[in-house]
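Residue-level structure breakdown
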2 protein chains.
Amino acid sequence: MHRKAPLKIIGSNAERTRLHNRKVVLGHLRSHGKLGRAELARLTGLSTQAMSNIIAELEGEALILAGERQTKGRGLPAVQYTLNPAGAVALGVEVRPNAILCALVNFLGDTLYTKRIHIKSSEPAVVLPAVKAACDEALSSIGKNAPPVLGAGIVMPGPFGRVGLTGAGKAELVGWDDKDPQALFEDVLQVPVRVENDATAAAIAEQTTGSATELQSFCFVYFGTGLGLGVISNGEILRGAFGNAGELGHVVVERGGRLCSCGNRGCLETYTSRMAASEFLQKRGKSAENQKDLSDLLAANDPDLEEWISEAADPLAQAIGTLENLFDPEAVILGGAMPPELLERLIEKLDLIDATVSVRADRTLPRVVRGASGWMTAALGAAALIIHDTYIPSISKVA
Amino acid sequence: MHRKAPLKIIGSNAERTRLHNRKVVLGHLRSHGKLGRAELARLTGLSTQAMSNIIAELEGEALILAGERQTKGRGLPAVQYTLNPAGAVALGVEVRPNAILCALVNFLGDTLYTKRIHIKSSEPAVVLPAVKAACDEALSSIGKNAPPVLGAGIVMPGPFGRVGLTGAGKAELVGWDDKDPQALFEDVLQVPVRVENDATAAAIAEQTTGSATELQSFCFVYFGTGLGLGVISNGEILRGAFGNAGELGHVVVERGGRLCSCGNRGCLETYTSRMAASEFLQKRGKSAENQKDLSDLLAANDPDLEEWISEAADPLAQAIGTLENLFDPEAVILGGAMPPELLERLIEKLDLIDATVSVRADRTLPRVVRGASGWMTAALGAAALIIHDTYIPSISKVA
DNA sequence: GATTTAATTCAATTAAGTTGAATATTCAAG
DNA sequence: CTTGAATATTCAACTTAATTGAATTAAATC
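Fair warning: this is a prediction, and the values are worked out from it, not measured in the lab.

Re the protein's contact with DNA strand C
The environment of DNA strand C is made up of 29 residues, and the closest members are A:Q49, A:S52, A:V79, B:S47 and B:L76. Within 4 Å of the protein, atoms of DNA strand C come from sugar and phosphate in 75% of cases. A:G75 places a main-chain nitrogen or oxygen 3.1 Å from a base oxygen of DNA strand C. Interatomic distance of 2.3 Å between a side-chain N/O atom of B:S47 and a phosphate oxygen of DNA strand C. Those elements that provide at least two residues to the surface near DNA strand C are α2 (37-44), α3 (48-60) and β3 (78-83) of chain A together with α1 (14-32) and α3 (48-60) of chain B.

Considerations on the sheet that holds strand β11 (residues 227-233) of chain B
All names here are of chain B. What the five strands build is an open sheet, ordered β12-β11-β10-β13-β14; its pairing is mixed. Since the sheet does not close on itself, it has two edges, and those belong to β12 (236-237) and β14 (368-373), each with one partner. Note that strand β10 (residues 218-223) and β11 share six bridges and pair antiparallel. Residue Y222 lies in a different strand from β11, and its bridge partner there is G228. Along the sheet, helix α10 (residues 340-349) makes contact with β10, β13 (331-336) and β14, crossing β14 at roughly 170°.

What about the nonpolar core?
Where a protein is soluble and globular, its nonpolar side chains tend to be buried together. Grouped together as the largest cluster of nonpolar side chains are 84 residues, with contacts concentrated most on A:L248, A:W308, A:F327, A:L334, B:L248, B:W308 and B:F327. The residues touching B:F327, leaving out its near neighbours within four places in the chain, are A:L238, A:G240, A:A241, A:A245, A:L326, A:F327, B:C219, B:L229, B:V231 and B:L238.

Details of the interface of chain A and chain B
Contacts between chain A and chain B engage 78 residues on the former and 78 residues on the latter. Across the interface of chain A and chain B, roughly 6,800 Å² is buried in total on both sides, 56% from carbon and sulfur atoms. Broken down residue by residue, the surface that chain A buries against chain B is led by A:I9, A:R255 and A:L326, which jointly contribute 12%. Linking chain A with chain B are four salt bridges. In this structure, A:R255 and B:E254 form a salt bridge, with 3.1 Å as the shortest nitrogen-oxygen distance. In this structure, the connection of chain A to chain B is made through 33 residue pairs in polar contact (both at pLDDT 80 or more). Among the secondary structure elements, those contributing two or more residues to the side of chain A that touches chain B are β1 (8-9), α1 (14-32), α2, β10 (227-233), α9 (303-327) and β14 (397-398) of chain A. By residue number, the principal contributor to the side of chain A that touches chain B is α9(A), which donates eight residues.

As for the protein's contact with DNA strand D
With respect to spatial proximity, 29 residues lie near DNA strand D, and among them A:R18, A:S47, A:R74, B:Q49 and B:S52 are the closest. When atoms of DNA strand D within 4 Å of the protein are split into backbone and base, the sugar-phosphate part holds 75%. For DNA strand D, a phosphate oxygen lies 2.3 Å from a polar atom in the side chain of A:S47. The side chain of B:S52 places a nitrogen or oxygen atom 2.4 Å from a phosphate oxygen of DNA strand D. The set of elements that each furnish at least two residues to the surface near DNA strand D consists of α1 and α3 of chain A together with α2 (37-44), α3 and β4 (78-83) of chain B. Sort the elements by how many residues they give to the surface near DNA strand D and α1(A) lands first, with four residues. Here the surface near DNA strand D is composed, by residue class, of 10 nonpolar, 12 polar and seven charged.

Quick look at the pattern of salt bridges
Residue and element names in this part refer to chain A. Evaluation of the coordinates by the stated rule reveals 46 salt bridges over all chains. For K132, the salt bridge identified is with D136, shortest N-O distance 3.3 Å. Of this pair, K132 and D136 both sit in helix α4 (residues 124-140), separated by four residues, roughly a single helical turn. Where salt bridges share partners, they join R284, K286, D302, D304 and E307 into one cluster.

A short note on the domain arrangement of chain A
Considered domain by domain, chain A is made up of domain 1 (14-83), domain 2 (87-201 + 382-389) and domain 3 (213-374). A C-alpha centroid distance of 40 Å is found between domain 1 of chain A and domain 3 of chain A.

Thresholds, definitions, all that
Sequence positions are assigned chain by chain, starting from 1 and proceeding in written order. As they are written, the chains are lettered A onward and the ligands numbered 1 onward, keeping that order. Whole-chain, interface and lining totals are the exception, using all residues; otherwise, since this is a predicted model, local features are given only for residues with pLDDT of at least 70 and side-chain atom pairs are given and counted only at 80 or more. Water and hydrogen atoms were dropped before computing side-chain values, which therefore reflect all heavy atoms in the structure. Distances are taken per atom, and a residue is near a molecule or strand as soon as one of its heavy atoms is within 4 Å of it. A 3.5 Å cut-off defines polar contacts: any pair of N or O atoms within that distance qualifies, except that in protein one atom must be a possible hydrogen donor and the other a possible acceptor, and neighbouring residues in sequence count only when both atoms are side-chain atoms. A helix here means a DSSP run of H or I that spans at least four residues, while a strand means a run of E at least two residues long, and both kinds are numbered starting from the N terminus. Here the rule is simple: two strands pair whenever DSSP picks up at least two bridges between them. The criterion used for residue contact is that any of the two residues' heavy atoms lie within 4.5 Å. Whenever a helix is involved, its axis is fitted only over the stretch in contact; in every case the axis is a line through C-alpha atoms, and angles between N-to-C directions fall within 0 to 180 degrees. Among buried residues, those of type Ala, Val, Leu, Ile, Met, Phe, Trp, Tyr and Cys that are joined through side-chain atoms within 4.5 Å constitute a nonpolar core. In this scheme, a residue with accessible area under 20% of its type's maximum is buried, one over 50% is exposed, and one in between is partly exposed, where area comes from a 1.4 Å probe on protein chains only. Each of two parts loses accessible area, computed with a 1.4 Å probe, when they are put together; buried area is these two losses added. Within this document, salt bridges are pairs made up of a side-chain nitrogen of Lys or Arg and a carboxyl oxygen of Asp or Glu, the two lying within 4 Å of each other. Here the term charged refers only to Asp, Glu, Lys and Arg, the term nonpolar to Ala, Val, Leu, Ile, Met, Phe, Trp, Tyr, Cys and Pro, and the term polar to all other amino acids, Gly among them. Domain start and end points were adopted from an automatic or database domain assignment.

Spelled out as structure tokens, the structure:
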């Protein structure tokens, strides 16, 4: 287990400048859809000549496509450039104690392939070859002339290795304690690898292809085994000092409340999570082990499930108020491994606190919206992270 | 009132590259104290030649000073460079409904001058000339050959103009509703101006000259009129979508608890804040309107104050647990307009949640530490913000 | 049809980096 | 005490990727 490296602030040179500018251009193309060179030059504050060079380079690498000239009033109509969906792909993998979920997405973050593979053990010796095989299969699924692979995003139940032990006892994978997953996966897969937690990955997926494409600041509440939180603030991922930020499940919403597995009382997770729903329904003699069960119960208007929803909404509303006051997001998004209809019902039932910094006269979005959900969310998010990295420079933003 | 501008992601060029690299160099000099050219080149990933050029430029502007050559084993001993304390100054101003606090700091963030000025009204027509006069006096206090003024940081009770109305009813200044304070102050003072909230400014002061000089991620709990929060995460200031992040005072710690002025129940501010202490003591027939009163009561071992501290510690401990789980900071710092001894007592009384992500085997710092406090904290922090901006590039960090 | 406007390219220039060789100063080994 | 290795720094030449200003093309307006 190694301590997190202190972040190093490095200088820039011509090469890094170009890399930065490429990302800036790709980012603008992503958010605007299509743009001409001159307009890109204006947006980025670069000269048209510089833009021409960058565009030529990106087009040469097939990351962007030249479209029709588009007439907009006087003057030579601008050639419209768009991202090339087939310009590159990214892998996403979620490693769980008993399964590996593998996804492949295109340069826009759209899903090309998904697969679930059962594993007998979560030890590195088992996981690494299985992930390698799954990724190879994913890549071969798109045929011979495959575009470049930008990298692989890996989601693992943290906290592990790099980030050290923590108190909020989580389901850790066995055999990874003293390992550096990033290095191991990079070694096996031979592409750049990023390891993130599920909630953050899901948040990035939401921003890449979901309901947050227009947002720069939002909180993504992720229903997984527990309850996670991915925070994007002004376009930046919030990780915290040790990569463990966003432990929403163990935020206390009721002093002296229900006993949680972490040893505390009143954790949000004990009220509002898949686990909490399962336990509640089990006491009523109903089984709801997976999303399908919950979906079915909801479709059948099961009164016990309805009761749980009502009961779960209050603590969640309180927690959302806390998120609003602390992070001042444009919206709070609920998603993850929960049936979408259930999330909708939960949102309907929310009685939000009516005086937080998010209660604004100029709101356009609802304070809480439903995001992407389903079992693949995290794996797709992991892949989206890689796409995200090629769009987002870690640089110069100006208000 | 204007809506917050969407953040613009801009390209880079040679000029911006140099600006970035200068900041990188200054930042390293700040955190290391003194360094030679070659070592700076290694730290920044730049060539020694480039470093020589940058150093020459900075030395020419008297922002850094060449020291003795320092022998460290074999080879030519490196000339050690340090920041020049007298290389530049920055102004800091806190505007309150009835007073203006003005501060001047040197290039290291050390205090050179402070002054409090009473004002009759908080309208722009009164405040702007008063601030101008105060700043002029501050600058003339350091004599004729004054070093360049990097800018002025302004702290005002938000949320105002730029960030729009919010629900958590705060003490707003009258007459500023539809104004752009940054532009107004820049116009009057003729130096670059930054407007921030008190808690963020105080957090930056803590990082510049206080107990967080080594920290990249921390939460600063600011005792002002209410209770604010400044968050620095991996060196970046967390502002939120509308600049209102960190509204800690209105985080609910007790469902259905005490009625707060914001209309909700159970806000942290109603338990743990200067106002809460005043009210508590008033009920016991004691007056504690300012820091001095509290200080005196504490010195006299006043049993009522002790009782309040015990009562206030629990909600605070819970909130700190929430901060730890959400932000994963290296430490939580308590400071602001509270007597330091009282903060110490409060910290002693804290019964922290024993399972958050901050409970780590490899901790070196306590989870909660006391930070800078006193009436000038925010104004000094405002000035520190300006210094901070000249050290911290908004760019390329590498883990 | 002539003129204006806007996008784009061409050619020259410039800023700020990199690279490799030369020089200075110190430590360590013979 | 001399010599060689290590380290810091500078000098000079080169490279990258930007900028600037003039030229070219195509559409809109007069």
